[in-house]
Amino acid sequence: MKKPESVIIELAPRFEVGAKAAVQNTQLRRNMGKATQTIRGKRAGVVDELADWESLRVAGQHIKDDVMQHLDTYLIQLEATVTQSGGHVHWAKDAHEANEIVTRLIKATGSTEIIKVKSLTTDEIRLNEALELAGITAIETDLAELIIQLAHEKSSHILVPAIHKNRSEIRALFQKSMNLPDLTDEPKELAAAARQFLRDKFMSVRVATSGANFAIAETGSVCVVESEGNGRMCLTMPEVLITVMGIEKILPRWQDLGVFMQLLPRSSTGERMNPYTSIWTGVHADDGPQEFHLVLLDNGRSDVLADAVGRQTLHCIRCSACINVCPVYERTGGHAYGSVYPGPIGAILTPQLVGTAHADSLPYASSLCGACYDVCPVRINIPEVLVHLRGKVVAEKQTQPQSWFDGENLGMKAMATTFAHRTTYELAQHAGQLAQWPFVHDGYIENGPGPLGKWTAMRDFPAIPAQSFRDWWRERQRDE
Amino acid sequence: MLAKIRTAINTGDRGDFHEAHTSAPYITNDDGNVAVRIELFAHRVAEYKAWVGHCTAAGIAQAVAERLVIRGKKRMVIPSDLPDSWLSPGVEYIRDSQLDRTVIAGMDGVLSGAALGIAQTGTIVLDGGRFQGRRMISLLPDYHLCIIRAQDIVGVVPEAFAQLATTMQIPMQPYTFISGPSATSDIELNRVEGVHGPRTLDVFIVE
Amino acid sequence: MQVALFITCFNDTLFPNTGKAVVSIVERLGHQVIFPEEQTCCGQMHFNTGYQAEAMPLIRRFVEIFSQYEAIVSPSASCVGMVRDMYRFAAEVHHDTKLANEVALLAERVYEFSEFIVNRLGIQDVGAYYPHRVTYHPTCHSLRGIKVGDAPEQLLRAVRGIDYVPLTQSNECCGFGGTFAVKNADTSMAMLGDKIRHILDTRAEVCVAADNSCLMHIGGALHRQRSGVRIAHLAEILAAQE
Ligand code: SF4
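Being a predicted model, the structure only gives us computed values, none of them experimental. (Residues numbered from 1 in each chain as written. Chains lettered and ligands numbered in written order. Predicted model: local features only at pLDDT ≥ 70, side-chain atom pairs only at ≥ 80, totals over all residues. Heavy atoms only, no water.)

*Asks:* Tell me about the overall build of chain A, and please be specific about residues and values.
*Replies:* On a plain count of helices and strands, chain A comes out with 22 helices and 13 strands. Considering only C-alpha atoms, chain A reaches an extent of 95 × 55 × 50 Å along its principal axes. When the accessible surface of chain A is totalled, it reaches about 17000 Å², and 55% of it is carbon and sulfur. (Helix = DSSP H or I, 4+ residues; strand = E, 2+ residues; numbered from the N terminus. Areas by Shrake-Rupley, 256 points an atom, 1.4 Å probe, with all protein chains shown as cover.)

Okay, structure coming up:
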């Protein structure tokens, strides 16, 4: 499953390196702290309101379990229902194939410009870059995507790609790129500027691309959940609509939307319902695009499906609740993850899509605090998957000869041997008590040797007491 | 691709180790009081910063007329099947029969009916059916005045999907769920009203 | 009742006073403590860092040593979580159904110290006296991992003379996370910085938790800053008497 040419990971440094730079950026930390605190509070409020929230989560998990168990069947069913409704279905095994299909379809329309609804899947396959090479301009219509596109930056959040920017930074950007010198930093005015800027495009561009939040196998319906109305514009105004969807986004039945349309909005933007949801089925006579293509994308997903523990990662509905609640993400921001998928979901999804060998620092980008698992609307046990992936990283590392000289590997092995017998363990305890004395001051070690130095570089380490618990216990037994 | 998926389904099966979680079934309908449900709907829609009013079936034209005066809207696009009895004098109504998009975009607003309402979330559902018209007409104008019948308001989200399933036709209609005016949370994660969809939403509940 | 103490290698070596406190409280409540001396380490650090092959013998060893006891009590929520949740998972990864069955039987008899006192014994007041200002940090493993709920707070509130001050944003991770504290030291310290600020805001003399590992991290920074605020395991507060 090695994909060095993969389209997901940018040439990013290891997580801890990117994170180090990010935690030192105080403006970024302030923006992130404020934004994540706000959204956490909102989510908790609307989730507490539902008496059956836990039941909904379990239902969501069960539906997704069933999807994964019968993914082949549901995909075939979806292809049939979409085709019957006048749509066309394409299968893309990787990013390259998907980009080729989309490029070909756009070229066939003769259009050199498309409008896009925010879609992580098209970010994942880097569709915009592929289109640019083919001479096609992709215009992002989601406010945050537009901000990112105008700033020539990378997304730092799956739902709010410009979460790292505050209002005055956005204002400065719009003033410059939209030529609006008098613009204030009132969010309402900033939004109005975007409305003005994109209206012409919505009225005239003939082709749109989108992702999909859900697709219903039973009916062939595709669902896009959004806020601003740019989604409705892209799904309604053009002549041709091309939707790129990961194969895991499928839901078996129409009624399943009754579960997911409660889980998703409350988990993502912390609202009872998002402003707009569009559900369409193939093409509708005299209403909306008269040509519809659905591209079903694998791009590593079947590899994830084949991993018993990792599979649950495919349940993800990209709500971003885990990201918003993550204390690590709050400090580092999204860019440190070097992927279109940041935060806890990124830490488990990216290494699985590109292979752990190409993202071996990501499974460690977590303190395993479990906040993500608690909020995940489909109950993905993220800490469990992280630990599982760490196991893969180490197992891979241990097949390399370099591991014979790797301090961590050697240390871990030595400790495991020590712990294997009570006698060696007790010997080690006593050795530690003796060896530490040159470093101890006032009951603490402030400047430790070797690996301990990594700890004491940041904070003090308590000295090992002269008597272990077990020695005390033995003494007590003797005395009795 | 399918062959690979099939192999993966089998290799990745968790078998005996799969943790089975059971819990009470989620709520699929609200059997509460109708008046409470309608009150909740009105309240929840208003929380999205939409305006909500009540009127009788016979009083729709009157209510619409008053509302449009307050909003200062004079040229409204309407679905081709909207009843004449809803229309008030003093306002120019243009029926949509494949009108050009620039004409629709140039209108002051749109007046439409609705397929369903969901009380729990303050959501209006359009299905392109009775009194609703094409998706484009409720999208391009900056103002949407929506008339919903009290008996079309359901309690919870699963009820809405169950209800829509009963009215589904082949070929299927397109559905649009509207919860308040167009909004974005993209600036510092605060909801601000008004991006590409109608920036003002008024709703009448007909009892 | 006979209570087998699972001290954990970490507390055995670095925080023996916590073990002594647990022994004194359990005995004070009229139960007998047994200390299976063969125990070493539950394998948590190895397993969670990815050294699963190395952790497996430790896991099997633990199960063998402890499966004969009626109640197993530990003053470490994270090690309890390891046994209760991750052992099952470890058995799965190694396709070991026999181990999985043994773990299932063992897991329900393993208790974190505060949950044993409050939920199993049904006691909130253990007769402690501690006239100091104290705040409590619910560690991730006690709060979200094994879900001890408010058992520690119930115990603390029943202590005579105590001035208990709740911590703001208490549910947030302190940034320890085992090897995370070293592998991602910068992020870990950024998280710790916020935790320390909240602790200092309470003006407490002592910060209490159900895991000495997190406390070592918190205490390490409190000590480096010469803040004067001490750390103590919950059991040590509850063991204190007039
Ligand atoms: S992993 Fe869960 S919480 Fe995170 S984005 Fe996916 S569905 Fe949401």
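There's more to say after this.
*Asks:* An account of the interface of chain A and chain B is needed here, citing residue identities and associated values.
*Replies:* Taken together, the contact pairs 97 residues of chain A with 69 residues of chain B. Summing the contributions of chain A and of chain B, the shared interface buries around 7200 Å²; its carbon and sulfur component is 57%. Connecting chain A to chain B are seven salt bridges. Residue glutamate 384 of chain A pairs with arginine 14 of chain B through a salt bridge whose shortest N-O separation is 2.8 Å. (Contact = heavy atoms within 4.5 Å. Buried area = accessible area lost by both parts, 1.4 Å probe. Salt bridge = Lys/Arg side-chain N within 4 Å of Asp/Glu carboxyl O.)

*Asks:* Quick one: what's the story with the pattern of salt bridges, residue by residue and with numbers?
*Replies:* What the rule picks out here adds up to 65 salt bridges over all chains. Across the salt bridge formed by lysine 116 of chain A and glutamate 140 of chain A, the nearest N and O atoms sit 3.0 Å from each other. Note that lysine 116 of chain A is positioned in strand S2 (residues 113-116) and glutamate 140 of chain A in strand S3 (residues 137-140), a separation of 24 residues in sequence. Notably, a salt bridge pairs glutamate 102 of chain C with lysine 98 of chain C, separated by 3.1 Å at the nearest N-O pair.

*Asks:* Tell me about the domain arrangement of chain A, and name the residues and values.
*Replies:* Per the domain assignment, the segments making up chain A are domain 1 (4-302) and domain 2 (406-479). Summarising the inter-unit geometry, the C-alpha centres of domain 1 of chain A and domain 2 of chain A are found 51 Å apart. (Domains from an automatic or database assignment.)

*Asks:* Run through the packing of aromatic side chains, naming residues and quoting values.
*Replies:* In total, this model carries 24 aromatic pairs over all chains according to the counting rule given. Plain terms: the ring middles of tryptophan 254 of chain A and tyrosine 175 of chain B are 5.3 Å apart, the flat faces sit at 50° to each other, and that makes the pair tilted. Taken together, the residues tryptophan 254 of chain A in the loop between strand S8 (250-251) and helix H12 (257-268) and tyrosine 175 of chain B in strand S9 (residues 175-178) connect one chain to another. Of the residues examined, tryptophan 254 of chain A reaches a relative accessible area of 3% and is grouped as buried. For tyrosine 175 of chain B, a relative accessible area of 0% puts it in the buried group. Ring centres 5.7 Å apart and planes at 80° place the aromatic pair tryptophan 280 of chain A and phenylalanine 292 of chain A in the edge-to-face group. Pair noted here: tryptophan 280 of chain A is in strand S9 (residues 276-281) and phenylalanine 292 of chain A is in strand S10 (residues 291-297), with a separation of twelve residues, a long-range link. (Phe/Tyr/Trp six-rings, centres within 6.5 Å; stacked < 30°, edge-to-face > 60°. Buried < 20%, exposed > 50% of the residue type's maximum accessible area, 1.4 Å probe, protein only.)

*Asks:* Give me the lowdown on the confidence of the model for chain A, citing residues and values where you can.
*Replies:* Here chain A shows a mean pLDDT of 92. Residues at 70 or above account for 98%. A low-confidence stretch, residues 1-7 of chain A (pLDDT under 50), is modelled with 19 contacts involving residues beyond four sequence positions or located in other chains. (pLDDT = per-residue confidence, 0-100.)

*Asks:* Describe the site of the ligand, naming the residues involved and giving the relevant values.
*Replies:* In the vicinity of the ligand, the contacting residues are Cys316, Ile317, Arg318, Cys319, Ser320, Cys322, Ile345, Cys376, Pro377, Val378, Ile380 and Ile382 of chain A. Split into classes, the residues belonging to the shell around the ligand amount to ten nonpolar, one polar and one charged. (Near = heavy atom within 4 Å. Nonpolar A, V, L, I, M, F, W, Y, C, P; charged D, E, K, R; others polar.)

*Asks:* Requested: an account of the interface of chain C and chain A, with residues and values cited.
*Replies:* Each partner contributes to the interface: chain C provides 67 residues, whereas chain A provides 68 residues. Here chain C meets chain A over a buried area of about 6000 Å², counting both sides, of which 59% is carbon and sulfur. Considering only the side of chain C, the residues that lose the most area to chain A are Glu37, Tyr51 and Arg224 of chain C, jointly responsible for 11% of the buried surface there. Run the count over chain C and chain A and you get 15 salt bridges. Taking the shortest distance from any N to any O, the salt bridge between arginine 474 of chain A and glutamate 37 of chain C comes out at 2.7 Å.

*Asks:* Tell me about helix H8 (residues 143-151) of chain A, and name the residues and values.
*Replies:* Those residues of H8 of chain A that sit buried are Leu143, Ala144, Glu145, Leu146, Ile147 and Ile148 of chain A. In the core, the buried residues of H8 of chain A are packed alongside helix H6 (120-124), S3, helix H9 (167-177) and helix H10 (187-204) of chain A together with strand S10 (183-184) of chain B. Positive backbone phi, at 50°, marks histidine 152 of chain A, one or two positions downstream of H8 of chain A.

*Asks:* Kindly report on the sheet that holds strand S3 (residues 92-95) of chain B, identifying the contributing residues and their values.
*Replies:* Residue and element names in this part refer to chain B. Read from one edge of the open sheet, six strands run S1-S12-S7-S4-S2-S3, paired in parallel fashion. Two strands lie at the open edges of the sheet, namely strand S1 (51-55) and S3, each paired on one side alone. Sheet twist, expressed as the average angle between the axes of neighbouring strands with direction ignored, equals 25°. Note: strand S4 (residues 109-112) against strand S7 (residues 143-149), three bridges, orientation parallel. Note that in S7 the partner of leucine 111 across the bridge is leucine 145. Contacting S1, strand S2 (75-78), S3, S4, S7 and strand S12 (200-206), helix H3 (residues 60-71) runs over the sheet at an angle of about 160° to S7. (Pairing = 2+ DSSP bridges. Axes fitted to C-alpha atoms, helices over the stretch in contact; angles between N-to-C directions.)

*Asks:* Outline the sheet that holds strand S7 (residues 240-246) of chain A, listing residues and values.
*Replies:* In a beta sheet, neighbouring strands are held together by backbone hydrogen bonds and run either parallel or antiparallel to one another. All names here are of chain A. Reading across from one edge, S1-S10-S7-S4-S2-S3 is the order of the six strands in this open sheet, with parallel pairing throughout. Every other strand in the sheet has two partners, leaving strand S1 (88-92) and S3 as the edge strands with one partner each. Across the sheet, the mean angle separating the axes of adjacent strands is 25° when strand polarity is ignored. In this sheet, S10 lies alongside S1 in parallel orientation, the contact comprising five bridges.

*Asks:* For the environment of valine 154 of chain B, give the residues involved together with the corresponding values.
*Replies:* Residue and element names in this part refer to chain B. Residue position: valine 154 is located in strand S8 (residues 153-154). For valine 154, a relative accessible area of 8% gives the class buried. Valine 154 sits 84 residues away from isoleucine 70 along the chain, and the two C-alpha atoms are 30 Å apart. When neighbours within four sequence positions are excluded, valine 154 is seen to be in contact with Arg37, Leu116, Gly117, Ile118, Ala119, Glu159, Ala160 and Gln163.

*Asks:* Account for the environment of alanine 19 of chain A, with residues named and values stated.
*Replies:* With respect to the secondary-structure elements, alanine 19 of chain A resides in helix H1 (residues 15-24). Once the C-alpha coordinates of alanine 19 of chain A and alanine 336 of chain A are considered, the two residues, 317 residues apart in sequence, prove to be 5.2 Å apart. If we ignore the near neighbours within four places in the chain, the residues touching alanine 19 of chain A are Thr332 and Ala336 of chain A together with Thr187 of chain C.

*Asks:* Lay out the side chain of asparagine 324 of chain A in plain terms, naming residues and giving numbers.
*Replies:* Residues and elements named next belong to chain A. By the element assignment, asparagine 324 lies in helix H14 (residues 321-325). A polar contact is formed between the side chain of asparagine 324 and the side chain of histidine 157, at a distance of 2.7 Å. In contact with asparagine 324, other than residues within four places in its own chain, are Thr36, Ile39, Arg40, His157 and Ser268. (Polar contact = N/O pair within 3.5 Å; in protein donor to acceptor, adjacent residues only side chain to side chain.)

*Asks:* Outline helix H20 (residues 422-435) of chain A, listing residues and values.
*Replies:* Residues and elements named next belong to chain A. The terminal C-alpha atoms of H20 lie 20 Å apart, and with 14 residues this matches the ideal 20 Å at 1.5 Å per residue to within 8%. Regarding H20, the residues found buried are Tyr425, Glu426, Gln429 and Gln433. Along the axis of H20, the buried positions cluster into a sector of 95°, meaning they face one direction only. Among the exposed residues of H20, those pointing more than 90 degrees away from its buried face are Thr423, Leu427, Leu434 and Ala435. (Expected span 1.5 Å × (residues − 1). Arc of directions from axis to C-beta.)

*Asks:* Requested: an account of the confidence of the model for chain B, with residues and values cited.
*Replies:* Per-residue pLDDT for chain B has a mean of 93; in total, 97% of the residues score no lower than 70. Quick note on the complex model: pTM equals 0.94, ipTM equals 0.96.

*Asks:* Lay out the pairing of strand S5 (residues 133-136) of chain C with the relevant residues and their values.
*Replies:* All names here are of chain C. Pairing analysis gives three bridges linking S5 to strand S6 (residues 163-165), with the strands arranged parallel. What sits directly across from arginine 133, in S6, is aspartate 163. With three bridges joining them, S5 and strand S7 (residues 206-209) adopt parallel strand pairing. Directly across from threonine 135, in S7, lies its bridge partner cysteine 207.

*Asks:* Could you give me a rundown of unusual backbone geometry, with the residues and numbers involved?
*Replies:* Here isoleucine 170 of chain B and proline 171 of chain B are connected by a cis peptide whose omega angle stands at -5°. Of note, proline 171 of chain B is situated in the loop between helix H5 (157-167) and S9. Backbone geometry places leucine 368 of chain A, a non-glycine residue, at a positive phi of 55°. Secondary-structure assignment places leucine 368 of chain A in the loop between helix H16 (343-354) and helix H17 (371-375). One non-glycine residue with positive phi stands out, namely lysine 49 of chain B, at about 70°. Given a relative accessible area of 59%, lysine 49 of chain B falls into the exposed group.

*Asks:* Talk me through the packing of helix H18 (residues 382-398) of chain A against helix H5 (residues 77-93) of chain C; I want residue IDs and the actual numbers.
*Replies:* The N-to-C vectors of H18 of chain A and H5 of chain C enclose an angle of 50°; their axes lie 12 Å apart at closest approach. With respect to their mutual orientation, H18 of chain A and H5 of chain C come out oblique. Considering how the two elements wind past one another, H18 of chain A and H5 of chain C form a crossing that is right-handed. Contact residues: H18 of chain A offers Glu384, Val387 and His388 of chain A, while H5 of chain C offers Met86, Arg88 and Phe89 of chain C. Among the residues forming the contact of H18 of chain A with H5 of chain C, the class breakdown is three nonpolar, one polar and two charged. (Parallel < 35°, antiparallel > 145°, perpendicular 65-115°, else oblique. Left-handed = near helix turned anticlockwise from the far one by under 90°.)

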